[in-house]
Structure formats: structure tokens, C-alpha cells
Amino acid sequence: EKSQDCMYLQYCKVCQSYKAPRSHHCRKCNRCVMKMDHHCPWINNCCGYQNHASFTLFLFLAPLGCIHASFIFVMTMYTQLYNRISFGWSSVKIDMSAAKRDPRPIIPFGLSAFAASLFALGLALGTTIAVGMLFIIQMKVILTNKTSIESWIEEKAKDRIQYYQTGETFIFPYDMGSKWKNFKQVFTWSGIPEGDGLDWPVRDGCHQYSLTIEQLKQKADKRVRSVRYRAVEDYSGVCCPVTKGVKTFFTTPCTEEPRIALSKGDLILATRGLKHWMYGEKILDSAADGGIRERGWFPRKCVEKCQYDSETDQPVDGEKKNR
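Nothing here was measured: the structure is a model prediction, and the numbers come from that model. (Residues numbered from 1 in each chain as written. Predicted model: local features only at pLDDT ≥ 70, side-chain atom pairs only at ≥ 80, totals over all residues. Heavy atoms only, no water.)

Student: Hey, could you run me through the pairing of strand 9 (residues 227–231) in this one?
Tutor: Looking along a regular strand, one sees the side chains alternate between the two faces of the sheet. With respect to burial, strand 9 is a largely interior element, 4 of its 5 residues being buried. As defined by bridge partners, strand 9 adjoins strand 10 (residues 267–273) across 4 bridges and the pair is classed as antiparallel. Counted as the bridge partner of Val227 is Ala270 from strand 10. Pairing of strand 9 with strand 13 (residues 303–305), which is carried by 3 bridges, proceeds in the antiparallel orientation. Bridge assignment links Ala231 to a residue of strand 13, and that residue is Val303. (Buried < 20%, exposed > 50% of the residue type's maximum accessible area, 1.4 Å probe, protein only. Helix = DSSP H or I, 4+ residues; strand = E, 2+ residues; numbered from the N terminus. Pairing = 2+ DSSP bridges.)

Structure below.
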């Protein structure tokens, strides 16, 4: 509504519009998602403003269903094996052939059924632990009225302030100060989340765009710290390249973030990296015209550092001393 507020907002080059506060662009869905938490491959959708409560309930009910299934499997194996175990003087024997002699069970409980039930029990217990941990993580961020992405933004804000020693204090603006109030921001009796996904209540002393302003500061800091590299080898963009060395092959980043293909002479702005991999954005000629950004991982072996060590074209320390 206010054009001057655009200076506080991030601009999405893909959607060709400004991002609302707490919104992020999803590469999988190819759109900006309000209050985006993450993209979940299991539901093939993003978890955000509209379905955060439903997704959290799913994480709560799925372990309950698996616990129920585990109880059924355990009781089934116990009752079926109870009359098949014979205790001898030296050993315990299990007679699995009793299923052929006893026609009463609807489903004969033979060796294959026992193995299948044991395997299903392991799956049910594993799902209970894995999904239950995800539920605990989701409840922690909900009780502070955050998302997983916003928790990461808050951590980077603390690192930025500590690195530059600015003396400022970043306060997360959407934490209402009460776990119950934060809980009600997501869970309602009607099932419809509060608000419209664009405007959010903020705590006293915070600005409506406090989080977006911090994101803009982090992006500016990211551009300053980025290092320019030039591709010296071709890279096809495969997840685990065989021709780039054994260490590169086995240390591929375990993430859903994409890989970018490189050709000799390509320029890349690297923002972070591992021992054998780096993450950055390819410098395209059409980037200034609103082209699609190419960001992703690439092998460190395929690039070399340019003469200038950052996007701002600052000479490296050795060159400064020579001058």
C-alpha cells in the first residue's frame, strides 16, 4: 500500500515482485510461499502459512499410528509364538509348522509371516523415532513463533553482529513473549490460521519490517564476503562426479540444494564451501536484465580464485602489498 515500504522488502527476480514479510521463494514449487518453513518431499508441497498446523498434526498423528501398529505386531508375534515354543533340557525350540496343523488362524503364521511382521515392526519403530523428532523440532519453533528458516536467519544475525562488532541487538519481532500466544498463531479451533499471511503482529519495540531489514543486511554482507572464482574445468552438474576425484565423489553435500554446470571460463561468486565443494552463484550476462539466477554446489577442483577476491573487485592482500 505504501510505495516507500519497498525499500524494506526483498525483490524476487523469478516471481517479478516484492516478497511479503516472512515469505521465501521455493525452487521446487517455483513460487514465493507465505511464512515458508521448508519444502517437504513427503507431501510434495511447502509447509507454510496455510498448512503449518496441518503438517504439525500430521507429524503428531503419524507416530501415534506407528505406535499402534507396533503394539499390534508385538501382540501378534507373541500370541502366535506362545503355543509354538517348547522348552527342552538344553535348548528352546520354536515349531513354526503348527500353522499347518492348526486351521483356526485366518492368516497362517508361518516363518515368512513372522519375518514380515518383524520387518514391519522395525519400520514402525523407526518411523516413530524419526517423525517424532521432527514433531519436537516443529513444536520448538512454533512455541517461539518462528519457522525453520527464520531460526537460521536469527543465528546468522547473531554471527553478523559478532563478526562486525556493531553493538546492535537483534530481537526477533514475531515472538509474542508467551508460548500460548505463539501457539495460537498457528493452531486455531477453526483450522484457519490467524491473519492474512502478509501482516503480522510484532512485539513492542520492533518494526513491521525488522526481519526483512535484517535479511537485506545479511544479503549485503554476503555480497561483500563472496569470493570470485573462474572455472578451469568443465562440470556437468551431476550429484556425484566420478571424474573429479575419489574424495569429491564421496564427500558430495548431503542436501537438496542443486548443482550448477560449469564450463571453462565461467565466473562464479562463492559464498560458502566445504573442503572439496563450494556453493555460489554463476555470473550471467543476462543477470542485470532480470534473468534467472543459477546457484548451487560445484567441485572446488573445477575452479580457481580470480585475481580479485570479492565481488567488490578488491585486490587480494598480496597484490595490495605489491602496489
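Okay, back to it.
Student: How do you make sense of the layout of surface pockets when you look at a structure like this?
Tutor: Over the atoms rolls a probe the size of a water molecule, and in doing so it shows where empty space is left. The volume enclosed by the second largest pocket comes to roughly 340 Å³. Every residue lining the second largest pocket is listed: Glu1, Lys2, Asp5, Cys6, Leu9, Ala20, Pro21, Leu198, Asp199, Gln208 and Tyr209. Per-class residue counts for the lining of the second largest pocket are 6 nonpolar, 1 polar and 4 charged. (1 Å grid on protein atoms, 1.4 Å probe; cavity = no way out; pocket = protein on both sides within 12 Å on 5 of 7 lines; lining within 4 Å. Points joined across faces, edges and corners; volume = space filled by probe spheres on them. Nonpolar A, V, L, I, M, F, W, Y, C, P; charged D, E, K, R; others polar.)

Student: What am I meant to see in the environment of His39 here?
Tutor: When you line up the elements, His39 lands in strand 5 (residues 38–40). When its relative accessible area of 16% is taken as the criterion, His39 is described as buried. As for His39 and Arg27, which are separated by 12 residues in sequence, their C-alpha atoms are 9.1 Å apart. Excluding residues within four positions of it along the chain, His39 makes contact with Cys26, Lys28, Cys29, Asn44, Asn45 and Cys46. (Contact = heavy atoms within 4.5 Å.)

Student: Which parts of the structure should I look at to understand the UniProt feature "transmembrane region" (unreviewed entry) in the chain?
Tutor: Those residues carrying the UniProt feature "transmembrane region" (unreviewed entry) are residues 57–78 and 106–137 in this numbering. For the annotated span residues 57–78, helix accounts for 100% and strand for 0% of the residues, and the straight-line distance between the end C-alpha atoms is 32 Å. (UniProt positions renumbered as here; feature names shortened; annotations may be inferred.)

Student: Looking at this model, I keep getting lost on the confidence of the model for the chain. Mind explaining?
Tutor: Any segment with low pLDDT has predicted coordinates that should not be analysed in fine detail. Looking at the chain, the pLDDT average stands at 83 and 84% of residues meet or exceed 70. The low-confidence segment residues 315–323, where pLDDT is below 50, has 9 contacts with residues more than four positions distant or belonging to other chains. (pLDDT = per-residue confidence, 0-100.)

Student: I tried to follow the nonpolar core on my own but got confused; where do I start?
Tutor: General note: in soluble globular proteins, nonpolar side chains tend to be found buried as a group. Residues Tyr229, Tyr235, Leu262, Ile268, Met278, Phe298 and Val303 are the most contacted members of the largest nonpolar core, which totals 15 residues. Of all the secondary structure elements, the ones that give two or more residues to this core are strand 9, strand 10, strand 11 (277–282) and strand 12 (295–299). Here Tyr235 is in contact with Pro241, Arg259, Ile260, Ala261, Leu262, Trp277, Trp297, Phe298, Pro299 and Cys302, once residues within four sequence places are set aside. Among the nonpolar cores identified, the runner-up in size contains 9 residues, and Ala157, Ile161, Tyr174 and Trp200 belong to it. (Core = buried A, V, L, I, M, F, W, Y, C linked by side-chain atoms within 4.5 Å.)

Student: Help me understand the side chain of Asp221 in this model?
Tutor: By the element assignment, Asp221 lies in helix 6 (residues 210–225). Among the polar contacts made by the side chain of Asp221, one reaches the side chain of Tyr164 at a distance of 2.2 Å. Setting aside residues no more than four positions away along its own chain, Asp221 makes contact with Arg160 and Tyr164. (Polar contact = N/O pair within 3.5 Å; in protein donor to acceptor, adjacent residues only side chain to side chain.)

Student: How should I be thinking about the sheet that holds strand 13 in this particular structure?
Tutor: The strands that make up a sheet are held in pairs by hydrogen bonds between backbone atoms, and each pair lies either parallel or antiparallel. The strand order across the open sheet built from 5 strands is 12-11-10-9-13, with neighbouring strands paired in antiparallel fashion. The open sheet has two edge strands with one neighbour each: strand 12 and strand 13. Each strand of the sheet is rotated relative to its neighbour by a mean of 45°, with strand direction disregarded. (Axes fitted to C-alpha atoms, helices over the stretch in contact; angles between N-to-C directions.)

Student: So what exactly am I meant to see when it comes to the packing of helix 4 (residues 148–164) against helix 6 here?
Tutor: How two helices sit against one another is set out by the angle between their axes and by the gap between those axes. One can describe the packing of helix 4 onto helix 6 by two numbers: an axis separation of 10 Å at closest approach and a directional angle of 60°. One finds that helix 4 runs oblique with respect to helix 6. Of the two possible hands of crossing, helix 4 and helix 6 adopt the one that is left-handed. Counted together, Glu150, Ile153, Lys156, Ala157, Arg160, Tyr163 and Tyr164 of helix 4 and Leu211, Glu214, Gln215, Lys217, Gln218, Asp221 and Arg225 of helix 6 form the full contact between these two elements. Grouping the amino acids of the contact of helix 4 with helix 6 by side-chain chemistry returns 5 nonpolar, 2 polar and 7 charged. (Parallel < 35°, antiparallel > 145°, perpendicular 65-115°, else oblique. Left-handed = near helix turned anticlockwise from the far one by under 90°.)

Student: What is the right way to read empty space enclosed by the protein from this model?
Tutor: Scanning the model with the defined rule gives 1 cavity of 30 Å³ or more in all. Approximately 40 Å³ is the volume found for the largest cavity. Lining the largest cavity are Tyr49, Gln50, Asn51, His52, Ala53, Ser54, Val186, Gly191 and Pro193.

Student: Whenever I open this one, helix 4 confuses me. Can you help?
Tutor: Helical geometry note: an α-helix holds 3.6 residues per turn, so side chains three or four residues apart project in the same direction. Along its 17 residues, helix 4 runs 25 Å from first to last C-alpha, staying within 8% of the 24 Å computed at 1.5 Å per residue. For helix 4, every residue scored as buried is listed here: Glu150, Ile153, Glu154, Ala157, Arg160 and Ile161. For helix 4, the angular spread of buried residues about the axis comes to 120°, placing them on one side. With respect to the buried face of helix 4, the exposed residues turned more than 90 degrees away are Trp152, Gln162 and Tyr163. Residues of helix 4 that are buried sit in contact with strand 3 (24–26) and helix 6. Downstream of helix 4 by one or two residues, Gln165 has phi in the positive range, about 50°. (Expected span 1.5 Å × (residues − 1). Arc of directions from axis to C-beta.)

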